[in-house]
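What the coordinates show
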Amino acid sequence: MVMPAVLLGGMLSIATPFVSESSAIAPLPEVNFLVQAPLDPETPPPLDPRDRLFLANITNPQDARNFLAQMRSAASDVDPLALAELVHYPFVTYDSGRPVKTYATSTDLLRDFEQIFTPRVITAMRDAQYSELFVNYQGAMISNGTVWFFQYSEGIKIKAINS
């Protein structure tokens, strides 16, 4: 059954069918839907979530793209030195949100490389795409939080790996 609709002051009002008092079915309430006006061509579109990189202290989106390209390359080659260079120190590893171990330098991290850069982490890094970033005040993340990165004074660096 098609219901008549009327636009009232920005609200779309859909009339409900008449139901008599003697009917066993209770009348349906009136339903209102907010009708949004089309965007003005002069108004910029809403921000893409990745445009919130400033929350992760990243001021230039191209820097994030470049970082992801470096990370993908290092992960594709499974290059321990290149991957260790992408990490911010001191670096803390986590398991289920609990800190496990702190690494002061890349030399320390390289001793446990295979425990930190597991096949799952390497795959997440290798497959990382800018279009799939999630960004909030804690940083930018890939692969449902497997790897988080942030803009530090020395550049964009990995701040956390959840293996």
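In this text, all values refer to a predicted model and were calculated from it rather than measured experimentally.

**Regarding the nonpolar core**
General note: in soluble globular proteins, nonpolar side chains tend to be found buried as a group. Within the largest apolar cluster, 36 residues are counted, with the highest numbers of intra-cluster contacts made by M71, F117, M125 and I158. Listing elements by their share of this core, those giving two or more residues are α1 (61-76), α2 (80-85), α4 (113-116), α5 (119-126), β7 (139-142), β8 (147-152) and β9 (155-161). No other element matches α1, which puts 6 residues into this core. Sequence-distant contacts of I158, defined by excluding residues within four places in its chain, comprise F67, M71, L86, V87, H88, F91, M125, V147, W148 and F149.

**Brief notes about the confidence of the model for the protein chain**
Here the protein chain averages 80 in pLDDT, and 69% of its residues register 70 or above. Within the model, the stretch residues 1-16 combines pLDDT values under 50 with 36 contacts to residues more than four positions away or in other chains.

**Here's the deal with α1**
For α1, with 16 residues, the first-to-last C-alpha span of 23 Å sits near the 22 Å given by 1.5 Å per residue. Burial in α1 covers these residues: A64, F67, L68, M71, A74 and A75. Down the axis, α1 shows its buried residues gathered within 130 degrees of arc, on one side only. For α1, the secondary structure elements touched by its buried residues are α2, α5, β7, β8 and β9.

**Considering unusual backbone geometry**
What you tend to see is this: most non-glycine residues have negative phi, and most peptide bonds are trans. In this chain, Y89 is followed by P90 through a cis amide linkage whose omega measures 0 degrees. In this structure, N57 takes a positive phi of about 70 degrees despite not being glycine. Looking at where N57 falls in the secondary structure, it is placed in the loop between β3 (31-34) and α1. You can call N57 partly exposed: its relative accessible area is 40%. A positive phi angle is found at N144, which is not glycine, with a value near 55 degrees. Structurally, the position occupied by N144 is in the loop between β7 and β8. Given the relative accessible area of 79%, N144 is considered exposed.

Procedures and definitions
- Residues numbered from 1 in each chain as written.
- Predicted model: local features only at pLDDT ≥ 70, side-chain atom pairs only at ≥ 80, totals over all residues.
- Heavy atoms only, no water.
- Core = buried A, V, L, I, M, F, W, Y, C linked by side-chain atoms within 4.5 Å.
- Buried < 20%, exposed > 50% of the residue type's maximum accessible area, 1.4 Å probe, protein only.
- Helix = DSSP H or I, 4+ residues; strand = E, 2+ residues; numbered from the N terminus.
- Contact = heavy atoms within 4.5 Å.
- pLDDT = per-residue confidence, 0-100.
- Expected span 1.5 Å × (residues − 1).
- Arc of directions from axis to C-beta.

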